[in-house]
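# Structural features, examined
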Protein chains: 2
Amino acid sequence: MSPAKRVIIIGADAAGMSAAHQALRTAKRTGRELAITVLDKGTHTSYSACGIPYLMAGDVDSADDLVARTADAHREAGIDLRMSTEVVSADLVAQTVTTGEGEVVEWDELVVATGAPAVLPDWALRPDGTTYDGVGAVKTLDDGAEWIERFAGAPEGAHVVVVGAGYVGVEVAEAALRKGFGVTVLTRTRGMAMLEDEMSDRVNVGLADAGIELLLGAEVTGLELDGDRVTGVRWDGGTREADLVVVAIGVRPATAFLEGTGIELTEGGALRPDPHGRVADHVWAAGDCCEVRRRLDDAWVFRPLGTHANKHGRALGDSLAGGTLSFDGMTDTSITRFSYGDVHLEIARTGLSRKDAEAAGHDPVALVTEGSTASGYMPEAEPIALWVMADRTTRRLLGVQVVGGRGAGKRIDAAAAVLWAGGTVDDLAWMDLAYAPPFSTAWEILQVAARRVAERL
Amino acid sequence: MSPAKRVIIIGADAAGMSAAHQALRTAKRTGRELAITVLDKGTHTSYSACGIPYLMAGDVDSADDLVARTADAHREAGIDLRMSTEVVSADLVAQTVTTGEGEVVEWDELVVATGAPAVLPDWALRPDGTTYDGVGAVKTLDDGAEWIERFAGAPEGAHVVVVGAGYVGVEVAEAALRKGFGVTVLTRTRGMAMLEDEMSDRVNVGLADAGIELLLGAEVTGLELDGDRVTGVRWDGGTREADLVVVAIGVRPATAFLEGTGIELTEGGALRPDPHGRVADHVWAAGDCCEVRRRLDDAWVFRPLGTHANKHGRALGDSLAGGTLSFDGMTDTSITRFSYGDVHLEIARTGLSRKDAEAAGHDPVALVTEGSTASGYMPEAEPIALWVMADRTTRRLLGVQVVGGRGAGKRIDAAAAVLWAGGTVDDLAWMDLAYAPPFSTAWEILQVAARRVAERL
């Protein structure tokens, strides 16, 4: 029997641990001998970063609830998991990685699943690289714990400025409202930039109705400080007093340790693994440190989402152990919710934006359709707006976006399924979606929206 | 200019009026001249029969709310609509129909959209053909109005026996519970027979938890009567006292007037139009009086649902006016809800049953997977069970069934989309469905269920 292959996985979250467990499962079938070691610089494994805003809001009782699988559970499955162990460099020729403490670890296969920490701009940071008091990002469980403390320690009537109006920005704004704070959302873009204007405008109306101050197209130029404590945010158009400042402007792949190894990184620092997770001989990658392939236009895009990380990690682990599973890209689906007081908005998208579609050479036709999530006479009925885009020539469905009340958001899945299959807007309009009065109108609104576009091609 | 074609449509509900309006719209484009007359034996147009249980429950204020479009609105669109006009015979050679009052109406094109009235067994009927007092079906708006009166007039603590445990039976049982009645559901089948046993069992548990008495495998043999008023139901295993008896054992196509015309009817009395709605030269049909083609096994099945009626009616109207729209079958999707007290079940299916699949020559592999509608740590999370079936050889997805809490039901749409495209269980497992903690687990449970089946093929 040949000695077990030494697999080193860097990163103990969605991608890395999916890879580890799937590799062990597949190895049982293929007879491969794998010795899997996972190195992670943090203290928490396999947690839901997406759940942190709900932890901040108090919807989730404790940070432990967000941990899907503890370190001990991973170890019981036969994985050598070493927490608080940062990898600072890699040598692809010697097949080693070196930790922050100078330990050199040998590998036969290396898996990079280092994720993507939050971007913290210079204005948020003290000279020592830590954030000013009252300022922080929302990415790790430790971030979440810090925010719970900051929220608990904030004075009555405190004001929170959220910088960034993507999914995380909107989710954190909801959390801050629920905690009784005044909230400003400030973004240099138009807000919810993953949606078309005519859809993001609907979100903006909802945020404003819930009492959020929106500052769009505003570039932060610095903080107002009292010592090391933030007291306000300065932007190119004015100043806003603030007791707390949430930085939610995005994340960046943790790939600095790969510089000089010869592995190609994008300008943004991302890896581009193949559907099995390979980036080079014996080197693999998956998760938030990677770009993912969008099937519709074959574009590489940076979409750091747990769902892609889980899928790509699983395909990687299977392939590493001799299996054939592959992650054949995605269709750019995402979803969130904004819920406060009388405002309940479910927000989802799948497919290309109009700009994406034009760049890919399509002749896109798009329309917004308004309707109801249930039959109009039912108490469940809530307003919903759908943006549907198709190609004029091929009639292919290109993208769908949804903003609406309860029951609106997950409607995106049927559209995502059509996109996955490369179907047309006519497929979406005529397929057999479920109808009963508490769930939809007799012509499901997603299909009405598709039909209206179909009639204009 | 040639004289306008005389189109006679029999039936002023979903299929007939969809056909009428689409024909007018298409005719504008094609330049056809159509004179459309609609004959209907009833007094209400275009109403939601599916909404009647919710009217009975008091969720809907008035029967008028269920009318999507009034007779006047249809007339304003240029349709000659004649209510209370029953067609009793048709002559395909002379191209006429004869009304109950003896009027002979000529046509160039005949559209049969007569629907399917409720089946009333002999035991429910007096010698004059009307139901005994306290006994009725749930199909027309008039039925709904009668039930509102019966419910209002019933004594405190009255008991309702619902005969039939399909969608309508379950919906009416919910309505009766909400109105404060004791409820028995009695069926000669196992209950919710459109689901596999392992799924319908879950519904039965929910019905029982809500306080419903379930009598399964029970054949009604007659009623107990006090004069003309029902006081109980006798079945092959005993007797149940009852103040009210709801007959919800199905419907039957209203096609008796076509006997002897040479148009072929199934044993159940249904028509089988082509995707454009044609059944013979110049004769068309759509809606509940027809069977529909199930794409997965190319079987004709009787599925009297408004959603098929609307789609087929539209394709028919378009084709009649020179267009090319077609209704290319369905995938056997349906949905309902049972909600009372602490019990909230969303129930949906799409695709083939195991029996269907075996009959079609498949080698089906099916599994039930249990999970959560949202991330487990979220307050929104409710239990969900999914039955997924695929073909062992081709890996094609064959059917999916869902029983679960809020947010469970409409998940069926993504599965229906995969079935529509002829996709595999791997497509369902790996496609890009929406994830955020309030909406799903990081691996959407529908995809976990698909993956589990995929791993067993």
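The structure presented is a predicted model; accordingly, all values stated were derived computationally and were not measured.

## Let's talk about helix α5 (residues 167–178) of chain B
All names here are of chain B. Taking 1.5 Å of rise per residue, the 12 residues of α5 would be expected to cover 16 Å, and the 17 Å separating its terminal C-alpha atoms lies within 8% of that figure. Burial runs high along α5: 10 of the 12 residues are buried. Within α5, the full set of buried residues consists of Y167, G169, V170, E171, V172, A173, E174, A175, A176 and L177. Phi for G180, located one or two positions after α5, is positive at around 90°.

## Quick notes on unusual backbone geometry
Residue and element names in this part refer to chain A. With a phi angle near 65°, H282 is a residue other than glycine that sits in the positive phi range. Residue H282 is classed as partly exposed on the basis of its relative accessible area of 38%. Within the chain, R395 stands out as a residue other than glycine whose phi angle is a positive 65°. A residue is classified by how much of its surface remains accessible, and R395, at 28% relative accessible area, is partly exposed.

## Digging into the sheet that holds strand β21 (residues 343–351) of chain A
Residues and elements named next belong to chain A. Strand order in the open sheet formed by 5 strands is β20-β21-β24-β23-β22, and the pairing between neighbours is antiparallel. Strands with a single pairing partner mark the edges of an open sheet, and in this sheet they are β20 (334–340) and β22 (364–372). Taken pair by pair, the neighbouring strands of this sheet meet at an average axis angle of 10°, ignoring direction. Judged from the 6 bridges that link them, β21 and strand β24 (residues 397–404) form a sheet pairing that is antiparallel. Bridge pairing in β24 places R349 opposite Q401.

## Some points on helix α1 (residues 14–30) of chain B
Residues and elements named next belong to chain B. Between its first and last C-alpha, α1 extends 24 Å over 17 residues, near the 24 Å set by a 1.5 Å rise per residue. For α1, the tally of buried residues reaches 12 of 17 residues, placing the bulk of the element in the interior. For α1, the complete set of buried residues consists of A15, G16, M17, S18, A19, A20, H21, Q22, A23, L24, T26 and A27. As for α1, its buried residues are in contact with β1 (5–10), β2 (34–39), α3 (71–76) and α7 (306–320). G31 occupies a position one or two residues after α1 and carries a positive phi of about 80°.

## Comments concerning the relation of the copies chain A and chain B
Each of the two chain copies can be generated from the other by rotation about an axis followed by a shift along it. Mapping chain A onto chain B is achieved by rotating through 180° and translating by 0.0 Å along the same axis, at an RMSD of 0.0 Å. Such a combination of rotation and displacement between the chain copies is what one expects of a two-fold axis. Taking C-alpha positions as the reference, the residue of chain A nearest the rotation axis is A414(A), at 2.1 Å. The fraction of interface residues of chain A whose copies in chain B are also interface residues reaches 100%, indicating that both copies meet through the same surface.

## Some details on the UniProt feature "domain: FAD/NAD(P)-binding" (unreviewed entry) in chain A
According to UniProt, the feature "domain: FAD/NAD(P)-binding" (unreviewed entry) maps to residues 6–293 of chain A in the numbering used here. Regarding residues 6–293 of chain A, the helix share stands at 23% and the strand share at 26%, and the terminal C-alpha atoms are separated by 29 Å.

## Quick look at the pattern of salt bridges
Following the criterion strictly, the structure yields 74 salt bridges over all chains and no others. One salt bridge connects R82(A) with E103(A), and the closest N-O pair in it is separated by 3.6 Å. Placement of the pair is R82(A) in strand β3 (residues 80–82) and E103(A) in the loop between β5 (96–99) and β6 (104–106), with a sequence separation of 21 residues. Between R406(B) and E382(B) there is a salt bridge whose closest N-O contact spans 3.3 Å. Pair noted here: R406(B) is in the loop between β24 (397–404) and α9 (412–421) and E382(B) is in the loop between β22 (364–372) and β23 (383–391), with a separation of 24 residues, a long-range link. Residues joined by salt bridges that share partners form a network here, namely R294(A), D297(A), R303(A), D332(A), R349(A) and D356(A).

## Structural notes on the pairing of β5(A)
Residue and element names in this part refer to chain A. Sheet analysis places strand β4 (residues 87–91) next to β5, joined by 4 bridges and oriented antiparallel. Looking across to β5, one finds that A90 is bridged to V97. Sheet topology note: the β5/β6 ladder contains 3 bridges and is antiparallel. Residue pairing across strands places T98 opposite V104, the latter belonging to β6.

## Some details on the domain arrangement of chain A
Residues and elements named next belong to chain A. As far as domains go, chain A holds domain 1 (5–117 + 252–320), domain 2 (122–247) and domain 3 (346–454). The interface is formed by 4 residues belonging to domain 1 together with 8 residues belonging to domain 3. Roughly 580 Å² of surface becomes buried between domain 1 and domain 3 when both sides are summed, with 57% attributable to carbon and sulfur atoms. Considering only the surface of domain 1 that becomes buried against domain 3, R294, R295 and L296 emerge as the three largest contributors, covering 84% of it. Linking domain 1 with domain 3 are 1 salt bridge, by the criterion used here. Note that R294 and D356 form a salt bridge whose closest N and O atoms lie 3.3 Å from each other.

## Quick look at the interface of chain A and chain B
Counting residues at the interface gives 58 residues for chain A and 58 residues for chain B. Between chain A and chain B, roughly 5,000 Å² of surface is buried when both sides are summed, and carbon and sulfur atoms account for 65% of that area. For the interface between chain A and chain B, the tally reads 6 salt bridges. With a closest N to O distance of 3.3 Å, E455(B) and R314(A) form a salt bridge. Here chain A is connected to chain B by 22 residue pairs in polar contact (both at pLDDT 80 or more). Secondary-structure elements contributing two or more residues to the side of chain A that touches chain B are α7 (306–320), β20, α9 (412–420), α10 (425–430) and α11 (445–454) of chain A. Of all the elements, α9(A) adds the most residues to the side of chain A that touches chain B, at 7 residues. Split into classes, the residues belonging to the side of chain A that touches chain B amount to 31 nonpolar, 11 polar and 16 charged.

## Structural notes on the sheet that holds strand β13 (residues 229–235) of chain B
Residues and elements named next belong to chain B. The sheet built from 3 strands is open, its strands ordered β12-β13-β14 with antiparallel pairing. One side of each edge strand has no neighbouring strand; the edge strands of this open sheet are β12 (220–226) and β14 (238–241). For this sheet the average axis-to-axis angle between neighbouring strands, irrespective of direction, equals 30°. In this sheet, β13 lies alongside β12 in antiparallel orientation, the contact comprising 6 bridges. Counterpart to L223 in the pairing with β13 is V233.

## Details of the side chain of E444(A)
For E444(A), the position within the fold is in the loop between α10 and α11. Among the polar contacts made by the side chain of E444(A), one reaches the main-chain amide nitrogen of L446(A) at a distance of 3.1 Å. Those residues in contact with E444(A) that sit more than four places away from it in its chain are R411(A), L433(A), A434(A), K410(B) and D413(B).

## With respect to the packing of α9(A) against α9(B)
Packed helices, taken two at a time, are described by their axes: the angle between them and the distance between them. Here α9(A) crosses α9(B) at 20°, and the two axes come no closer than 7 Å. As judged from the angle between their axes, α9(A) and α9(B) are roughly parallel. Between α9(A) and α9(B) lies a crossing whose hand is right-handed. Of α9(B), the residues touching α9(A) (which contributes D413(A), A414(A), A417(A) and V418(A)) are D413(B), A414(B), A417(B) and V418(B). A breakdown of the residues in the contact of α9(A) with α9(B) according to their chemical character gives 6 nonpolar, no polar and 2 charged.

## As for the state of the cysteines
Tallied over the entire structure, the rule returns 0 disulfides over all chains. Cysteine C289(A) shares no disulfide, and the gap to the nearest cysteine sulfur, in C290(A), comes to 3.9 Å.

## Here we look at the side chain of T369(B)
Residues and elements named next belong to chain B. Residue position: T369 is located in strand β22. Reaching out from T369, the side chain makes a polar contact with the side chain of R452 at a distance of 2.7 Å. In this structure T369 touches I384, A385, L386, I445, V448, A449 and R452, once residues within four positions along its chain are discounted.

## Description of the nonpolar core
By size, the foremost hydrophobic cluster in this structure holds 191 residues, and its most contacted members are F338(A), V400(A) and V400(B). Not counting residues within four places of it along the chain, the set of residues in contact with V400(A) comprises A348(A), R349(A), T350(A), L386(A), W387(A), V388(A), I412(A), A415(A), L428(A) and L446(A). Listed in part, the 25 residues of the second largest apolar core include I9(B), A19(B), I79(B) and A113(B).

Conventions adopted
Residues numbered from 1 in each chain as written. Chains lettered and ligands numbered in written order. Predicted model: local features only at pLDDT ≥ 70, side-chain atom pairs only at ≥ 80, totals over all residues. Heavy atoms only, no water. Helix = DSSP H or I, 4+ residues; strand = E, 2+ residues; numbered from the N terminus. Expected span 1.5 Å × (residues − 1). Buried < 20%, exposed > 50% of the residue type's maximum accessible area, 1.4 Å probe, protein only. Pairing = 2+ DSSP bridges. Axes fitted to C-alpha atoms, helices over the stretch in contact; angles between N-to-C directions. Contact = heavy atoms within 4.5 Å. Least-squares fit on C-alpha atoms with pLDDT ≥ 70 in both. UniProt positions renumbered as here; feature names shortened; annotations may be inferred. Salt bridge = Lys/Arg side-chain N within 4 Å of Asp/Glu carboxyl O. Domains from an automatic or database assignment. Buried area = accessible area lost by both parts, 1.4 Å probe. Polar contact = N/O pair within 3.5 Å; in protein donor to acceptor, adjacent residues only side chain to side chain. Nonpolar A, V, L, I, M, F, W, Y, C, P; charged D, E, K, R; others polar. Parallel < 35°, antiparallel > 145°, perpendicular 65-115°, else oblique. Left-handed = near helix turned anticlockwise from the far one by under 90°. Disulfide = S-S within 2.5 Å. Core = buried A, V, L, I, M, F, W, Y, C linked by side-chain atoms within 4.5 Å.

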